[in-house]
Amino acid sequence: MADSRAERAARYLLQAHQRRQKFGPLPEEFAPRTLEEAYAVQAAYVGLRSESNGPVCGYKVALTTEAMRRHTGLAEPVAGDLLEGTVRRSPARVRAADFVRLLVEFELAFELGEDLPAVDAPYDRRRVAQAVRAAMPAFELADDRDADYERLREHALVLVADNAWNEGVVLGAARTDWHLLDLAGLRGEAYADGKCLGAGRGGDVMGHPLEALAWLANHLARRGLGLWRSDVVITGSLVPTHTARPGETLRFDAGPLGEVALQVH
């Protein structure tokens, strides 16, 4: 995909966000036709956003369940970038009005303590575990821009190009003794104003959340990229996505890993 084409698509996406335009297809003359092209647009789009939101400081993994991949028609999970200026620490506050439609996901996050360069791929769960300095509960903040989910399969590559809808993350306290915990068996519960929204276990994410981290390291390596010390990776929601409303207080209790809190106003 020619750089100029990817850049045109990226500028269109940036302007669509600025206009608060409903999520949908890109114009045919520069719409991505393959997953590789979609990631080229994503890279250009993230580059534009980094001018105001700072450099890439980590990644998200999305579509970690077979059901979600079937829904979008994509054969594998999807990666997106986290930008430094969109990372918040719990307890955090956000304005719903800053998003077209604010979505919140309930995830486990890892901070790396060493590099995982492309040259050393492939990686497995054991190897990426050695590189993890800390684990923590997290919210992902996303904006689907009022997407029509009945037609999402038609625009799945645009979802990838649009940085998998990521608009930030809220991180809980980091635990460096995370290896003492059974992350696959860990139960996470999501609450809105004290009411339980749902629960899940770490193993609901690709069998083990570290499998998502290994997938990401190998995915990036295929693109000639690496994971680096201090990068943060969120690994996919344990609980169905929640559409946040003004006035809500959200909490994600990840048991022994701790909790994370968010007030929406």
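Quick caveat, the model's predicted, so the values are computed rather than measured. (Residues numbered from 1 in each chain as written. Predicted model: local features only at pLDDT ≥ 70, side-chain atom pairs only at ≥ 80, totals over all residues. Heavy atoms only, no water.)

Undergrad: Help me understand helix α2 (residues 35–53), please; the structure alone is not making it clear to me.
TA: Each turn of an α-helix holds 3.6 residues, which means side chains three or four residues apart point in the same direction. Here α2 spans 25 Å end to end across 19 residues, near enough to the 27 Å set by a 1.5 Å rise per residue. All buried positions along α2 are accounted for by E37, A38, Y39, V41, Q42, Y45, V46, R49 and N53. Positive phi appears at G54, one or two residues downstream of α2, with a value of about 85°. (Helix = DSSP H or I, 4+ residues; strand = E, 2+ residues; numbered from the N terminus. Expected span 1.5 Å × (residues − 1). Buried < 20%, exposed > 50% of the residue type's maximum accessible area, 1.4 Å probe, protein only.)

Undergrad: Got a minute to help me understand the environment of D143 in this structure?
TA: The residue D143 is located in strand β6 (residues 132–143) in this model. Judged by relative accessible area, which is 4%, D143 ranks as buried. Along the sequence, D143 and E29 sit 114 residues apart, while their C-alpha atoms lie 25 Å from each other. Ignoring anything within four residues of it in the chain, the contact list for D143 reads F99, V100, R101, W165 and E167. Within the structure, D143 has its side chain in polar contact with the backbone nitrogen of R101 (distance 3.0 Å). At 2.9 Å, the side chain of D143 forms a polar contact with the backbone nitrogen of R145. (Contact = heavy atoms within 4.5 Å. Polar contact = N/O pair within 3.5 Å; in protein donor to acceptor, adjacent residues only side chain to side chain.)

Undergrad: It is not clear to me how helix α6 (residues 209–222) should be interpreted in this structure. Could you clarify?
TA: With 14 residues, α6 extends 21 Å from end C-alpha to end C-alpha; this agrees with the ideal 20 Å at 1.5 Å per step. Taken across its 14 residues, α6 has twelve buried, putting it largely inside the fold. Those residues of α6 that fall on the buried side of the exposure criterion are P209, L210, A212, L213, A214, W215, L216, A217, N218, H219, L220 and A221. G224 sits one or two positions beyond α6 and adopts a positive phi of about 75°.

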